[in-house]
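Take a look at the letters that make up each chain.
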Amino acid sequence: MDHIVRLDSRQEAALQAIADRFIALHKGDVVKALKEMIVLNGHLQDRLDELSAPRRANIRRNDNGHYSSGR
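None of these values were measured; they are calculated from a predicted model. (Residues numbered from 1 in each chain as written. Predicted model: local features only at pLDDT ≥ 70, side-chain atom pairs only at ≥ 80, totals over all residues. Heavy atoms only, no water.)

### Considering a nonpolar patch on the surface
Together, V5, L7 and L15 make up an exposed nonpolar region whose accessible area comes to about 270 Å². With respect to the helices, strands and loops of the structure, L15 is situated in helix α1 (residues 9-25). (Patch = residues over 30% accessible without salt bridge, like charges linked within 9 Å, V, L, I, M, F, W, Y side chains within 5 Å. Areas by Shrake-Rupley, 256 points an atom, 1.4 Å probe, with all protein chains shown as cover. Salt bridge = Lys/Arg side-chain N within 4 Å of Asp/Glu carboxyl O. Helix = DSSP H or I, 4+ residues; strand = E, 2+ residues; numbered from the N terminus.)

### Some thoughts on the pattern of salt bridges
For the coordinates displayed, the defined rule picks out one salt bridge. For R47, the salt bridge identified is with E50, shortest N-O distance 3.2 Å. Separated by three residues within a single helix, R47 and E50 lie in helix α2 (residues 30-52), roughly one turn from each other.

### Here's the deal with α2
Compared with the 33 Å implied by 1.5 Å per residue over 23 residues, the 32 Å span of α2 between its first and last C-alpha is a close match. Two or three places before V31, at the start of α2, stands the capping residue D29, its side-chain oxygen 3.2 Å from that residue's backbone nitrogen. (Expected span 1.5 Å × (residues − 1). Polar contact = N/O pair within 3.5 Å; in protein donor to acceptor, adjacent residues only side chain to side chain.)

In structure tokens form, the structure reads like this:
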């Protein structure tokens, strides 16, 4: 892992409540819930990568290496 997340007690309590609800959705199967969360996070990361990648049709790099609108 590149980054260790540190939560205060309020954030930890909120995260625990969400985790408990997510596990309950999976009938108490923690491993099944964890696997689904990993898959969902992968889908979200793929989408973020798509959105953050420069759009070749609309954005072009100029001679200085900076991006500018292709219009």
